[in-house]
Each structure stands twice: as C-alpha cells, then as structure tokens.
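Structural overview
Each chain, letter by letter, is given below.
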Amino acid sequence: MSKQNNSLMSWLDKRFPVTENLERHLTKHPVPKKVNFFYIFGALLMVIFMVQVITGIWLMMFYTNTEEGAFASVEYIMRDVEYGWLMRYMHSTGASAFFFLMYFHMFRGLLYGSYQKPKELVWLFGCFLLFLLMAEGFLGYVLPWGQMSYWAANVILSLFGAIPVIGPDLQVWIQGDYVLSGATLSRFFALHVVVVPLLMIALVVFHIFALHEVGAGNPEGVDIEKHRDEKGMPLDGAPFHPYKTFSALPAIGIFFVIFFAIVFFAPEGGGYFLEKPNFEEADFLKTPEHIAPVWYYAPFYSILRAITFGIPFLGITSKFLGFIIFAASIAILFVVPWLDRSKVQSIRYKGIYSKIGMILFAASFITLGYLGTKPVNELRTLIAQICTLFYFLPLILMPIYTKYEETLEVPERL
Amino acid sequence: MSKKIDQNRRRALHITSGVVGAVTVAGFAVPFLSAWNPSEKAKALGASVKFDLSKLEAGAMVVLEWRRTPIFVVHQTSAAIENLPKLDAKVTNPAKEEGITRSVNSRYTVLKGVCTHLSCAPKYHPEIEPKAWDQEWLGGFFCPCHGSKFDLAGRVYKGVPAPTNLEVPPHSFDGDMLTVGEAV
Amino acid sequence: MIRYFALLLLIAFCGKLLPAGESECGALESCTEYKADVHDLFSLQRGLGLYMNYCSSCHSLQYLRWNRLQKDLDIPENILKEDLILNPNIKNSDYMTFGLNSDDSTAWLGAYAPDLTLRTRVRGESWVYTYLQSFYEDASRPLGSNNLVLQGSSMPHVLSSLQGRQQLNNKGELVKVSEGMLSEQEFDFAMQDLVNFLAYAAEPIRSEREKNGIFVILFFIIFTAVMWLLNREYSKDIK
C-alpha cells in the first residue's frame, strides 16, 4: 500500500464507512470453513440477478411495450440488433436459471435449518424474494406478447376474478381494460422493469445484512461462534474474503459453462425455457390447445389444478379454493421457522421423521412440477392431489414430529 | 501451523486470474457495446437512395430524402456553369478543388438542403435577375430564415450568417442513375 | 447427504425425460422425427428454391429481410434481384412479404395462409416435415385435399406435382395413387431441404450461434480451471 492510497482511504473513511464495511462484510467477516456445494447458490443467485438486470436493460433499449409492436420488436431484437439474439437468450435462460438456483438455495435452507433462530428474518426476506421473483417472471413472460404470454396471463388474471364479491372488478382494475390488452402490457412493463427489480434489490440487501448480523450456518448445524481463538475469530471460521470469494469463482465458471451451453446450443430448452406457442403472436380469437405455465411455476400450478372441489356451503368455488391453496403453498414457507421445533438445525442430526418428511416434500414438489407441464386427466389429477397432500403434510406436522423425534448429538466443532 | 506461503506462486496465480477476469469482462462487454451500433432497421432506413436523372430537365431541381435530410439535386444549365466561376470572389470558400459543380459529374450538383447557419431549408432561385437580396443575382439558393445566400453550386456568399458551403453528401453516378449515400 | 441428492436427481430425471407438450401429430400417432440441419448451405439454397416455387405465392416470410437471406445463403446480387425479388421497386433491405396480405388469401382459400417465418419454432421441425408429406385427396373438402397431421387444413396439396397424389386406404394410411416428378426418396430429401430452409428462416443466427458456442464454453472451462487453482492455493491457508 502506497502512502498515496492510505491517505485516499483515510479521506474517504472520514466521510463514508468504506473500510469499516469492507471489513465487516468481507475481510473480517467469519464464515464456517467447511460447507458443501449447496452453499454456493446464494452467490450464484447474485450473479444471475446481475445478468438479468444488465441483459434486461439492454433488451429495454430495443423492445416496444405496445400491443401492436411488442412481438415484432422481439424479432427485431433477434434479427436486426447486433447480438440482440444473445441478449434475448441470456435473459430467457437466465430466468429459468434464476428459478433453478432459487429452488436449490431454498432446499439448502430446509435441509440445514438455515431458518432457525436467530436467522428467521433472513428466511422471511428470502421468502419474500421468492414471491417477488415469481411475480417478476410472470410479468416478464407477458412482454413478448406471444400466444402463451397472452393466454397464460388470462388464466392467472382470471384467478383474481375468482375472488368472491370483489373479483371481477379487481380483475378489470388490474387489466386496465375489460379484457387483457395493451393497457395491461404497458403497466406490466413498468412493473417488470422498475418496481419489482427495485424491491428485489432492497430485499437482497436486507437479506444479506440480516445474515451478516447473525452469521452463516453450515451443513452440520454447529454454532461456530462458540469456540474462538485469542483474536476472537471463530476456530471453525475463516474470513469471507479471500476464502469464500475465491472459492466462489470456480463455481461461477462451472455455472457459466452450463449456462452458455444452454444459451448457445439449446436456448429453447426442449420447449421448457422458450415455449413453442410463444413464437406465434397473441391472437385473442385463437386459444392454444394446451395452456401451460413455464416449468418453474409448474409445481404451484399443479397444486392449483389439483383442487377440483369447492366448499359449496361457504360459497367457495373450486377455482377460488384452488387459488387459496395455491397461495397457501407459498405462504406456508414463510412460517417454517416456527413450524420446526427441533433441537438440532441440520437434517444430518434430525430424526427419521424429518428425513422422511423431507424426501416426501421434495419428491412431491418435483412430481407436481412434472404434472404441471402436462394436460390433465383423471390419473394425473389424482396423483397431483396426493402430492399436494404430501407437500403440505411434512410442513403441517413438523411442529409435532420435530419436537418428539429422537435426534443425534451435534458435534461441538466442524 | 507454519506452512510456507509460496508468494511467487500466489503472484503468478493473481496475475493469471486477473488476466482471465479481464478477458471475461471484455468478452461480456463486446456484445453489449456492439448492440448500440445501427441495427439492420437503421441501416435499411439509412440506405442509399437512387434517382433516375433522365427525368430531370436542365435548370430544374429535385428534392430527395436521404437519412431524414432533404437532398437537392440540380441539373445545371450551360449558363449556370459559365456563371459559377464569376462568383469565385463573392463566395467565402470558392472550393476550386471540388470542381465547378462540386461533383464528379460536370452537369449535376448534389447538395444537402440544410442551411449551414441554423438548419433551415434554403429556397431554390435559379432565375438570373435582380433580387431583393442581391441586385446582381446569377441564380442560387436563398435562405428565408436569416438571409443566407448560396450560389447554384451551394457555395456560401461572403457577409451572410451561414459560415460554410452547403454540404455535399456522398454520391455516385452510374449512367443516368444517381446514388446518394454509399452503396451497401 | 449424497443419498438425498441422488434420490432427488433420480426423481427429477424421471419427469424430465419427455420433451414439453404431448406428442401431437393430428391423426398420426407421432410425427416422423426430423432435426433440421442449418449448416448445409446447399440444402438451404435448394430449400429456398422450393419455397419460392411452391410456397411464396401464398405464404409470406415477414420477419426475414432479403439482404439477410442474401448474406447467409451466399446469393449473388444478380440472382437475388432477377430471379428472387423480381420486382424492381422492392429494396434489398425489405422484408420477404412477396406483396401478400392476409385478406387476399382468406378470399382465395377460405382461410388465411399464415406467415411461415417462425412456423418451425411454433410447430416443431418434425411436425412440419411430416405435415408436408401427409396430404391426401379428400373430395369432401372445398379444395379437394386434406392432411393427416392437420385435419381440416385449408391448404391445397401444392407439392403434388413433386410427390404425386395420395389417398387414404381403408386403414387410414397414405397410399400413392399417381407418380410425381420425384421418387419417394428424392421427395423426402427435398422436404428435408425445405424444412432446413424454414428452420433457417425461423432463426437465421442459429448456424452462427452453434458454431461460436463451443469457443465460449471452452473459455469458461479455462476460466474455471484457473480460478480452481487460485482457490486451491488459498484454501491451503485454512486447512
């Protein structure tokens, strides 16, 4: 460090907490030394967020947010704008990657009890981020104004219409028109480009601040703060920079190998990332044979469709009940910190019921996802209903089995 | 506890990873910066414009549009070509190196119809007769906004608000076919 | 832990084996598999020829510019202007609309002939490939023809001069009732050319992206390797 640098830093530090924050969050912030690959997804999520923002900004420079021009402007980007095709594919692949990473990141949280005290707030901010990401994906998908954009939006908006009493008026208000139209497109554009991203940035900041306040977990569920060295640094911990920053780099490399393999060789993702009907411009007179959401909504869509019964004496239609249970499937995630009464954090040391519960939950989620991309028939609806049950059951029963099951002894040190 | 840190190895790795990182950033930057180049649509709209000169009579002017700019194409009469050298003293920049018509073709003049003062469209006055703005008018352009005067080859008169001659756009001739702008 | 992940992967892959959407092929159980080759320049040129002769009088390619076609398929200027564009008022930078509008085709055919620029991306290459070969005579239809892949299609059997005419036997299978200019195999190759061309029109950049992708991936493998070494060096500190 030259004298020049030192005086610049001290000039800055008197006016802005530069060094203080660099140390608190990077160079002197202790994190568990030994974690597994499940712990990389947070960093990868930040990378993909940046990819989406930057490619999104660039797409905005060429996209036309009107009903008349939207579809053609996407082809303009694909054909006439230099490297426009690359930006489009990075953004569409990025959306699927974002959800893929998000689901694994949350699964890590469930496996290793990352939501347990005192990290409940980290988990809450995270669940809110999932909700925002789902909104962002939905809003973004409408923008190309293809057949699936239009008709899938219609399906989701009609869910709002199913709310008793206020539903139809609410739907018209959201649409800004009597039917889904350019008015809806323009406002979805503003929400997708500005509102939700700003909220997401704010929440990511809160999420990380909350995490840094209490410290990251590890797969063993050991509290590394309990054993420190003479300098106060946890014995099982290491400063985030350079140890975790550098270990993230090869993971980012591997991620980009997979990401760009998809972008350059299979951007349509077999019809899962860019759905076939969406290569046709929206036609309000022609309904596609099979309206399916993008793969990342499929589990929740499956739950929605599985509810084929209502509660007549309460005036609740099956559509509305489906909406309620669909919303509950996301909402229940928020309260997991209070459902888990276990003495131990990590699945490694929890009892047999937690392990069975976790397998059932994950298997149900994946099966529901698969079913959600397919048209309904009697057998599929039955399986979806069973899977919906096994999605909720491990969570609803958690307060009971986590409290009473036999757990293993958690080691003191990593 | 005493593991020797091989500083040379570390430095080598720092440099290598730094270079790889820089190449990655540059690699990401290229598509995004290139995307700002004119798109195919812009190139299509900004493409060269063709005009068949056989329809243009001597002494007449046609106005074409190229890249949202009016382009004046003048078919000079013999009288005009004779008169132009006489104005060498009256214009700020005689531009003798550009030829009498300021074009490769000795019969036609191609100009951007944008006054070099504040971008109004000058009016075509080819008549050789006294005018309100010049008793010895030998034909040319008069800009109604602030009174700038140009001769039939677009050269600016001395003592008017406009500082430079009317600009000559890139153009070429192929027999009777005039192409304004570069051919793709 | 590995066990959980392995189990998850197993369950996950069971579901992902099938591509999206049901295998829809109209009256046929499944479409004949075909994967377009957009790297074969001569095939694309032949496909373009077929398109101009048999398709362009009804179907526009409204998102494809003539000059893009020229650059990608290596078409000389004179052939482009004299044999393909034909109309001196059309600029090279214009879109391949062939002067068509949907009102005309609706009047002539009873339904509008859709623009085909993105058709292989909407229907799939196998679908289009099978569709083109599955026309048959059907007296009950206004234009006398029907198609096994798209039942009730308003499109006449424009390729009958090449393929020959077909009818359905009582098992619902296609049988040829007259010879076309091409043998069965020649017609099959011709349809491959045509589908390759349509796949190109749907995404002109595809050939280039598939060629360049390998370099991008190689670069990131090198990136990973370098960063791995850097990380390994530092992780020695905290062993």
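Residues numbered from 1 in each chain as written. Chains lettered and ligands numbered in written order. Predicted model: local features only at pLDDT ≥ 70, side-chain atom pairs only at ≥ 80, totals over all residues.

Considering the overall build of chain C
When you go through chain C residue by residue, the secondary structure sums to 10 helices and 6 strands. Going through the 239 residues of chain C one by one, you find that 31% of them count as buried. Within chain C, contacts between residues separated by at least 24 positions form 69% of all contacts whose residues are at least 6 apart in sequence. (Helix = DSSP H or I, 4+ residues; strand = E, 2+ residues; numbered from the N terminus. Buried ≥ 20, exposed ≤ 12 C-beta atoms within 10 Å, placed from the backbone. Contact = placed C-beta atoms within 7 Å.)

Quick notes on the overall build of chain B
Scanning chain B from terminus to terminus reveals 3 helices and 9 strands. The secondary structure elements of chain B, listed N-terminal to C-terminal, are α-α-β-β-β-α-β-β-β-β-β-β. The C-alpha atoms of chain B give 27 Å as radius of gyration, which overshoots the globular expectation for 184 residues (16 Å, by more than 25%). Taking the principal axes of its C-alpha atoms as reference, chain B extends roughly 105 × 35 × 30 Å. Here chain B holds 184 residues, and 22% of them are scored as buried. Sequence separation of 24 or more characterises 53% of the internal contacts of chain B that already satisfy a separation of 6 or more. (Rg over C-alpha atoms; globule rule 2.2 N^0.38 Å.)

Some details on the sheet that holds strand β3 (residues 69-75) of chain B
All names here are of chain B. What the 3 strands build is an open sheet, ordered β2-β3-β4; its pairing is antiparallel. Bordering the open sheet on either side are β2 (61-66) and β4 (108-112), each of which pairs with just one other strand. The average undirected angle you get between the axes of adjacent strands in this sheet is 25°. Direction of pairing for β3 relative to β4: antiparallel, over a ladder of 5 bridges. Looking at the pairing, phenylalanine 72 lines up with leucine 111 of β4. (Pairing = 2+ DSSP bridges. Axes fitted to C-alpha atoms, helices over the stretch in contact; angles between N-to-C directions.)

Some thoughts on the interface of chain C and chain A
Each partner contributes residues to the interface: chain C has 35 residues there, and chain A has 38 residues. Of all the elements in the fold, those that place two or more residues in the side of chain C that touches chain A are α1 (2-16), α6 (119-123) and α10 (206-235) of chain C. Top element by residues in the side of chain C that touches chain A is α10(C). It accounts for 16 residues. Considered class by class, the residues forming the side of chain C that touches chain A number 22 nonpolar, 8 polar and 5 charged. (Nonpolar A, V, L, I, M, F, W, Y, C, P; charged D, E, K, R; others polar.)

As for the interface of chain B and chain A
Contact residues are listed per partner, giving 8 residues for chain B and 10 residues for chain A. In terms of residue count, the dominant contributor to the side of chain B that touches chain A is helix α1 (residues 7-34) of chain B (3 residues). In the side of chain B that touches chain A, the residues fall into 3 nonpolar, 3 polar and 2 charged.

Observations concerning the packing of helix α7 (residues 147-161) of chain A against helix α8 (residues 167-175) of chain A
Residue and element names in this part refer to chain A. One can describe the packing of α7 onto α8 by two numbers: an axis separation of 7 Å at closest approach and a directional angle of 140°. Relative to α8, α7 is oriented oblique. Residues Leu157, Ser158, Phe160 and Gly161 of α7 lie in contact with α8, whose contacting residues are Gly167, Pro168, Leu170, Gln171, Ile174 and Gln175. Across the contact of α7 with α8, the residue classes tally to 5 nonpolar, 5 polar and no charged. (Parallel < 35°, antiparallel > 145°, perpendicular 65-115°, else oblique.)

Section: unusual backbone geometry
Of note, the bond from A:Lys117 into A:Pro118 is cis; its omega dihedral lies within 30 degrees of zero at 0°. Tracing the chain through its elements places A:Pro118 in the loop between α5 (84-112) and α6 (120-142). Between A:His241 and the following residue, A:Pro242, the backbone shows a cis peptide bond with an omega angle of 10°. Looking at the element boundaries, A:Pro242 is found in helix α10 (residues 240-265). With a phi angle near 70°, B:Ser119 is a residue other than glycine that sits in the positive phi range. On the secondary structure map, B:Ser119 appears in the loop between β4 and β5 (123-125).

Regarding the packing of helix α11 (residues 298-306) of chain A against helix α14 (residues 352-372) of chain A
Residue and element names in this part refer to chain A. In the contact formed by α11 and α14, the axes pass within 7 Å of each other and the chain directions differ by 80°. On the basis of the axis angle, α11 is roughly perpendicular to α14. Residues Ala298, Pro299, Tyr301, Ser302 and Ile303 of α11 lie in contact with α14, whose contacting residues are Phe365, Leu368, Gly369, Leu371 and Gly372.

Focus: the nonpolar core
Residues and elements named next belong to chain A. In terms of nonpolar packing, the biggest core is built from 90 residues, with Leu44 and Leu101 touching the most fellow members. At 14 residues, α5 tops the list of elements feeding residues into this core. Viewed by domain, this core spans two of them, domain 1 (39-224 + 233-264) and domain 2 (300-414), each represented by three or more residues. When neighbours within four sequence positions are excluded, leucine 44 is seen to be in contact with Leu101, Ala251, Ile252 and Phe255. (Core = buried A, V, L, I, M, F, W, Y, C linked by C-beta atoms within 7 Å. Domains from an automatic or database assignment.)

Describing helix α9 (residues 182-214) of chain A
All names here are of chain A. Over its 33 residues, α9 extends 47 Å from the first C-alpha to the last, a length consistent with the 48 Å expected when each residue adds 1.5 Å. Listed in full, the buried residues belonging to α9 are Thr184, Leu185, Phe188, Phe189, His192, Val193, Met200, His207 and Leu211. Contacts made by the buried residues of α9 are with α3 (41-60), α4 (70-79), α6 and α8. (Expected span 1.5 Å × (residues − 1).)

Let's talk about the sheet that holds strand β6 (residues 140-142) of chain B
Residue and element names in this part refer to chain B. A sheet is described by the order of its strands in space; here 3 strands give the open sequence β5-β6-β7, paired in antiparallel fashion. This sheet does not close on itself; its edge strands, each paired only once, are β5 and β7 (149-151). Looking at each pair of strands side by side, their axes are set apart by 25° on average, direction ignored. With 3 bridges joining them, β5 and β6 adopt antiparallel strand pairing. What sits directly across from histidine 125, in β6, is glycine 140.

Some details on α1(B)
Along its 28 residues, α1(B) runs 40 Å from first to last C-alpha, staying within 8% of the 40 Å computed at 1.5 Å per residue. Where burial is concerned, little of α1(B) is hidden: 2 out of the 28 residues are buried.

Examining the pairing of strand β8 (residues 171-174) of chain B
Residue and element names in this part refer to chain B. Taken together, the 4 bridges between β8 and strand β9 (residues 177-180) define a ladder with antiparallel strand orientation. The partner of serine 172 across the bridge, within β9, is threonine 179. Connecting β8 to the next strand, β9, in antiparallel fashion are 2 residues, including glycine 175 with a positive phi near 65°.

Quick word on the confidence of the model for chain C
Caution applies to low-pLDDT parts of the model: their predicted coordinates are not meant to be read in detail. Residue and element names in this part refer to chain C. In the predicted model, chain C carries a mean pLDDT of 89, and 89% of its residues have values of at least 70. Ignoring residues within four places in sequence, the model shows residues 15-21, a span with pLDDT below 50, making 14 contacts including any to other chains. As scored by the predictor, the complex reaches a pTM of 0.91 and an ipTM of 0.91. (pLDDT = per-residue confidence, 0-100.)

Notes on the environment of B:Val73
All names here are of chain B. Examined against the element boundaries, valine 73 turns out to sit in strand β3. Owing to 21 C-beta atoms within 10 Å, valine 73 belongs among the buried residues under this scheme. Sequence separation between valine 73 and proline 126 is 53 residues, and the spatial gap between their C-alpha atoms is 13 Å. Setting aside chain neighbours within four positions, we find valine 73 in contact with Phe51, Leu56, Met61, Val62, Leu64, Tyr108, Val110 and Leu178.

Some words on the environment of A:Ile325
Residues and elements named next belong to chain A. Here isoleucine 325 is to be found in helix α12 (residues 318-334). Judged by local crowding, isoleucine 325 falls into the partly exposed class, with 17 C-beta atoms found within 10 Å. Considered as a pair, isoleucine 325 and isoleucine 307 are 18 residues apart in the sequence and their alpha carbons are 7.9 Å apart.

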